[in-house]
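# Descriptive structure summary
Listed here are the chains, written in short residue letters.
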Amino acid sequence: MFKRILLALTILVIIVSSMSYHVFLPVSGGRGWSVEGLRYRAEIRVLTYGLNYSIEGLLVPLHVNSSLIDFSKTSPSGDDVVVTSIDGRVLPYYVEYWNISEDKGLIWVKLPEYNGSTSLYLYYGLMEGYNTGISAESPWRDYFLAILFNEQEIFYVKNKPYIRGDAPGRHVAKIIGPGYEIIPSPTGQAIYLDGRNAWIMLSNITFADWSSITIEALLHLYREQKVYGVHRDLTYGNYLMPPYASIYMLYSENKTNPNITLYFNTWKPGSGKREYKVNLTKYKGEWIYLVLTFDNTTREYKVYVNGEKVYEERIPLGEKTILDINPREWGPYGSRYKVLGIGASNLGFERTRVAYDFLRIMKNKVLDEEWVKAEYSAITNTSLKLISVEENSRAMAPTGFSIPKTLVFGVALVLIVSLIYMVYKKLEARKK
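Values in this document were obtained by computation on a predicted structure and should not be read as measured data.

It is worth spelling out the sheet that holds strand β2 (residues 38–48) at this point. Across the sheet, which stays open at both edges, the four strands sit in the order β4-β7-β2-β25 with antiparallel pairing between neighbours. Edge positions in the open sheet fall to β4 (82–85) and β25 (382–391), since each of these has one partner strand only. Geometrically, the sheet is characterised by an average inter-axis angle of 30 degrees between neighbouring strands, direction not taken into account. Bridging between β4 and strand β7 (residues 117–126) involves four bridges; their strand directions are antiparallel. Paired with V82 across the strands is Y123, a residue of β7.

Here is the structure:
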C-alpha cells in the first residue's frame with residue numbers, strides 16, 4: 001500500500017514540475033466609458049489664452065503630440081480617434097492631420113460652449129474585431145463651403161489634382177497648373193501657390209440672392225511676387241465692366257515690394273463702380289486670419305484682421321453687391337459670378353504667390369466681432385495639457401504573469417514530502 005502511494009505521489013511531482021502557472025490580474029479602467037471598442041482614452045485640458053468670455057460653436061484646433069498620447073497605439077491615419085465631452089457626448093470633430101512617425105496630429109473640434117478652458121476625452125486604439133460605429137458630425141456643418149488645404153484632402157481625376165470641401169454642398173476646388181506644394185502652416189498644413197504656374201478654381205459657386213455672407217481665410221501674404229504686373233487673389237465677380245460688383249485682393253505692379261489691398265466693389269446702374277478698400281500692406285510676410293462680412297439687410301460691410309475689426313462701412317441701398325448679381329442675367333459676363341479664384345483672377349490671369357491654410361464661407365449668416373476675436377485666439381493661443389490616460393478594462397482580455405517552474409516544483413515537493421511523512425507516520429501507528 002505504501003509503495004503504491006509513493007509511486008502515485010512521485011508521478012504527481014513530475015506532472016506538477018512540468019506545468020507553468022499564470023496569475024491573472026484585472027486591468028484598470030475609468031468609469032463612464034462612452035465609446036466601446038477603443039482601448040484608451042486621454043483626458044485633455046484645453047486652454048485658450050486671452051479668451052475670458054463664453055462663445056458658442058467655436059472651432060478649436062487641437063495640436064496633439066506625444067506628451068498627450070502614444071501615437072504607436074493609434075491608426076496611421078488617426079481614423080480611430082474619437083473626441084467627446086467629459087460627460088460622454090461625441091463632439092463635432094475632424095482629424096485634419098495625423099502622422100505617427102512624427103508623433104503629431106491636428107484635430108478640429110467644435111465646442112458647444114467655451115470660455116477659454118474646458119476638458120475633453122480623446123479616445124483611441126481600436127481593438128481587433130471592433131467597430132466603434134461613430135460617425136462624427138462635421139465641425140463645418142453650418143458652412144456653405146469649408147476647405148482645408150492639405151495633402152490628405154488632395155485627390156486626382158485623370159491626373160488632375162482637386163481638393164475636397166467639407167460642408168453640405170461638397171464643393172471641390174480644382175488645382176490648375178503644377179506650381180503648388182503642401183507646406184507647414186499655423187494649424188497643420190497649407191497649400192502654396194507659386195504665383196506663376198498654379199491657381200485654384202472653385203466653380204459652380206454663386207452668392208446671388210444670399211441675405212448675407214461671411215468669408216474666413218487663414219492665408220500668408222508674401223512680400224514679393226514672381227512676375228511683374230498686378231496680381232489678384234480671392235477673386236469673385238466682374239471688376240472690368242458692368243456689373244462691377246466684385247471682391248478680390250490686389251497686389252500692385254511692384255514685384256519686389258507690392259502694396260496689398262482688399263477690394264469690395266459695388267455697382268450702381270447709371271453711376272458706375274464704387275470701391276471699398278482696405279490696405280493690408282502692413283501684414284506682408286505674415287500669416288493673417290482674414291474675415292469679411294456683409295449683411296444685405298443692414299448693408300453693413302466689415303473686415304477683420306487677426307481678430308480685430310479694421311474696417312466698417314454701411315453701403316447705400318442703391319449699390320449692387322456680389323449678393324445682388326444674378327449670373328443668368330449677364331450673358332458671358334455672368335460666368336464670373338460662378339467662379340471663385342484663389343491665387344489668380346477668376347479667369348486664371350494675374351497669378352499670385354500666396355498660401356492658404358483654410359477657406360470657409362457662410363451663407364446667410366454674419367459672424368459677430370466676439371466670435372471672430374475668439375476664433376483668432378483659438379487658432380493662435382490654444383494649448384493642451386494631459387490630465388490622465390486610462391485603459392478600457394471591459395473590452396480587454398486579462399493580463400497575467402508566469403510563476404517560474406522551479407518555484408512550482410519546490411512548493412510541490414515540500415507538500416508531497418510532508419504528505420508522505422504523514423502517511424508513513426499513520427502506517428507506523430497502525431502496526432503498533
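Next, the rest of the story.
Its place among the elements puts T74 in the loop between β3 (58–65) and β4. Engagement of the side chain of T74 in a polar contact is seen with the backbone oxygen of F71, the distance being 2.8 Å. Here W98 takes part through its side chain, which lies 3.1 Å from a polar atom of the side chain of T74. Among residues more than four places away in sequence, those in contact with T74 are I69, D80, W98, I100 and Y124.

Another aspect to go through is the pattern of salt bridges. The final tally for this structure, using the stated rule, is 19 salt bridges. Here D142 ties to K110 by a salt bridge, and the two come within 2.9 Å at their closest N and O atoms. Separated by 32 residues along the polypeptide, D142 in the loop between β7 and β8 (145–148) and K110 in strand β6 (residues 104–111) bring together distant segments of the chain. Where K302 meets E312, a salt bridge forms, and the shortest distance between an N and an O atom there is 3.9 Å. Pair noted here: K302 is in strand β21 (residues 300–305) and E312 is in strand β22 (residues 308–314), with a separation of 10 residues, a long-range link. Three or more residues joined by partner-sharing salt bridges are found here, namely E300, K302, K309, E312, R314 and E369.

At the junction of P242 and P243, the peptide bond is cis and its omega measures out at -5 degrees in the coordinates. In this fold, P243 is placed in the loop between β16 (231–237) and β17 (246–251). In this structure, D209 is a non-glycine residue whose phi angle is positive, near 70 degrees. Among the structural elements, D209 can be located in the loop between β14 (199–202) and β15 (212–221).

Strand order in this open sheet of three strands is β3-β6-β5, and the pairing throughout is antiparallel. Of all the strands in the sheet, just β3 and β5 (93–99) have a single pairing partner and so form its edges. The mean inter-strand angle of the sheet, taken between neighbouring strand axes irrespective of direction, is 15 degrees. As defined by bridge partners, β3 adjoins β6 across eight bridges and the pair is classed as antiparallel. When the bridges of β6 are listed, P61 appears paired with W108. Across the face of the sheet, helix α2 (residues 369–380) comes into contact with β3 and β6 while running at roughly 5 degrees to β3.

A word on the side chain of E96. Of note, E96 is situated in strand β5. For the buried E96, which has no salt bridge, the nearest side chain bearing the opposite charge is R360, at an N-O separation of 8.0 Å. Ignoring any residue separated from it by four or fewer positions in sequence, one finds E96 in contact with L106, W108, L148, N150, Q152, T187 and Q189.

On to the environment of E253, then. Mapping E253 onto the fold places it in the loop between β17 and β18 (260–268). Not counting chain neighbours up to four residues away, the residues in contact with E253 comprise Y228, G229 and V230.

What follows concerns the nonpolar core. Core analysis: the largest hydrophobic core is formed by 56 residues, its most contacted members being I200, Y301, Y356 and I361. Per element, the largest residue contribution to this core is five residues, and it comes from β15. Ignoring sequence-local partners within four residues, the contact set of Y356 consists of F149, A190, I191, A217, L218, L219, D233, L234, M249, W287 and I342. With 53 residues, the next largest nonpolar core counts Y40, V60, I107 and W140 among its residues.

Definitions and limits used
- Residues numbered from 1 in each chain as written.
- Predicted model: local features only at pLDDT ≥ 70, side-chain atom pairs only at ≥ 80, totals over all residues.
- Heavy atoms only, no water.
- Pairing = 2+ DSSP bridges.
- Helix = DSSP H or I, 4+ residues; strand = E, 2+ residues; numbered from the N terminus.
- Axes fitted to C-alpha atoms, helices over the stretch in contact; angles between N-to-C directions.
- Polar contact = N/O pair within 3.5 Å; in protein donor to acceptor, adjacent residues only side chain to side chain.
- Contact = heavy atoms within 4.5 Å.
- Salt bridge = Lys/Arg side-chain N within 4 Å of Asp/Glu carboxyl O.
- Buried < 20%, exposed > 50% of the residue type's maximum accessible area, 1.4 Å probe, protein only.
- Lys, Arg positive; Asp, Glu negative; His and termini not counted.
- Core = buried A, V, L, I, M, F, W, Y, C linked by side-chain atoms within 4.5 Å.

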